[in-house]
Amino acid sequence: MSKAAALNVSIERIQRDIEHLATLGQTPSGGVSRTSFSSADKQMRQWLHGQCQEHGLTMRTDGIGNIFIRAEGMNVPKAAPVCAGSHLDSVPEGGRYDGIVGSVAALEVLRVLGQAAPALQRPVEVVIFADEEGNYHHLLGSTALVDNFTWEELQQLRGREGDLLVDALSAMDWDPRHATRTALSSHDVHAFVELHIEQGPVLEESHTDIGIVTSIVGLAGGQLDFVGSQDHAGTTPMRLRRDPMQAAGSFLGQLARIASGTSSTAVLTCGLMEIEPGGTNVVPRLARLHLDFRDPDPDVLSQLEQRIIDCASNAANQYGVEASFRRMSVTAPVPLDPHIRALLREVALGRNLSVTDIPSGAGHDAQNMARLTPTAMIFIPSAGGKSHSPQEHSSWQDIEHGANVLLDGVVRLAQA
Ligand SMILES: [Zn+2]
């Protein structure tokens, strides 16, 4: 009995698609601005529709703009589909690969399956999530697949420019009322796999072809206030000051130590700070640090928060000021499916690719899909770890590797 011939993606077709998509919303810097429901997003949807017609695929768009693509026909089994996909929107001045690689690769999987027609027990469906980059809402489309938005919630959502989501949906010629009926049930999807660029430097530095994502990082945000005494910068002797900036400085000098002392994967960042009243000749009253801290393990995330509070209170005591911490948000870490992870590792090794486990430090639609169905993610290297920037880059070879692992993984899942 002969073994079925191995299927392979066409990197030429993938390259052609990625290069074409880079022209939709292209910016002078060589980046891409294709925010959700913009005119570039509309062009993308028209292009995708043309691709589907060319390859005999059916494209459906739900009320919030998520796109579903599949082959229809007598031979397509009636069962819950194996889904693969990502997003085709970008941040303003984003790159050519974030979301695009996984979306185009999933489309290529359908094209390969259409040509080769292997025997499958389940259909394969491509999902392109709307507004992943959160112009209107963080992971808008996949959030709407897990829970319906209410009409009241939808009416509140606004974009970066202050425009209303419901107006943006109307401008796409859609009825915004349909955006309240988007949720899927766990019976609607058999499994979900997303291929994505790493958006960090780990795979490139370790010369690894494929990362199998263990979990999507838990993310917490909080405000740390140091409050002291507002005084004259010229007349108040140093020994009599209660200066919150000095406490803040001492705390900030310990960020790396606080993170590494909690776990090797924890990260802690202060990217924004407010000083009150704010003047070169005033000892400030308040230094407010906005903190972002992440770890794939929920227990570590709460330990990290406790260490932040302890270190802040030590720094405050040292300078005679008060410290208070307010947690603003917590998104729990999402572990990905161990069975699909093992399967993806096996197919990657079967193609003689190097593989490693890796946590995702960024949020992805897969974290919502994991609430519906067994879900996994494949990462490929990002040159220099750059992302959300026109400098974002992944090599055609790495993209081909990732797309072939996606293809093999999807086929294996659809055969079961
Ligand atoms: Zn992305």
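Residues numbered from 1 in each chain as written. Predicted model: local features only at pLDDT ≥ 70, side-chain atom pairs only at ≥ 80, totals over all residues. Heavy atoms only, no water.

**Examining helix α3 (residues 100–116)**
In step 1: Its 17 residues give α3 an end-to-end C-alpha distance of 24 Å, which sits within 8% of 24 Å, the value for a rise of 1.5 Å per residue.
In step 2: Taken across its 17 residues, α3 has 14 buried, putting it largely inside the fold.
In step 3: Of the residues one or two after α3, Ala117 is the one with positive phi, at around 45°. (Helix = DSSP H or I, 4+ residues; strand = E, 2+ residues; numbered from the N terminus. Expected span 1.5 Å × (residues − 1). Buried < 20%, exposed > 50% of the residue type's maximum accessible area, 1.4 Å probe, protein only.)

**Describing the packing of helix α8 (residues 244–252) against helix α10 (residues 298–318)**
In step 1: Here α8 crosses α10 at 140°, and the two axes come no closer than 8 Å. The orientation of α8 relative to α10 falls into the category oblique. Handedness of the α8/α10 crossing: right-handed. Side by side, α8 and α10 meet where Ala247, Ser250 and Phe251 of the first sit next to Ile308, Cys311, Ala312, Ala315, Ala316 and Gln318 of the second. (Axes fitted to C-alpha atoms, helices over the stretch in contact; angles between N-to-C directions. Parallel < 35°, antiparallel > 145°, perpendicular 65-115°, else oblique. Left-handed = near helix turned anticlockwise from the far one by under 90°. Contact = heavy atoms within 4.5 Å.)

**With respect to the domain arrangement of the protein**
In step 1: Annotation of the protein at the domain level lists domain 1 (11–216 + 334–415) and domain 2 (218–331).
In step 2: Computed from C-alpha atoms alone, the centre-to-centre distance between domain 1 and domain 2 is 37 Å.
In step 3: Listed as interface residues are six residues of domain 1 and, on the opposing side, four residues of domain 2.
In step 4: Taken together, both faces of the contact between domain 1 and domain 2 bury some 300 Å²; the carbon and sulfur share is 47%.
In step 5: At the junction of domain 1 with domain 2, the criterion picks out zero salt bridges.
In step 6: Along the contact surface separating domain 1 from domain 2 lie one residue pair in polar contact (both at pLDDT 80 or more).
In step 7: Partitioned by chemical class, the residues of the side of domain 1 that touches domain 2 number three nonpolar, three polar and no charged. (Domains from an automatic or database assignment. Buried area = accessible area lost by both parts, 1.4 Å probe. Salt bridge = Lys/Arg side-chain N within 4 Å of Asp/Glu carboxyl O. Polar contact = N/O pair within 3.5 Å; in protein donor to acceptor, adjacent residues only side chain to side chain. Nonpolar A, V, L, I, M, F, W, Y, C, P; charged D, E, K, R; others polar.)

**Digging into the pattern of salt bridges**
In step 1: For the structure shown, the criterion picks out 14 salt bridges.
In step 2: Close ionic contact of Arg371 with Asp147 constitutes a salt bridge, the shortest N to O distance being 3.3 Å. Here Arg371 is found in the loop between α12 (366–369) and β15 (375–380), whereas its partner Asp147 is found in the loop between α4 (140–146) and α5 (151–156), with 224 residues between them in sequence.
In step 3: Each of the salt bridges in this network shares a partner with another, and the network as a whole consists of Arg13, Arg16, Asp17, Glu108 and Arg111.

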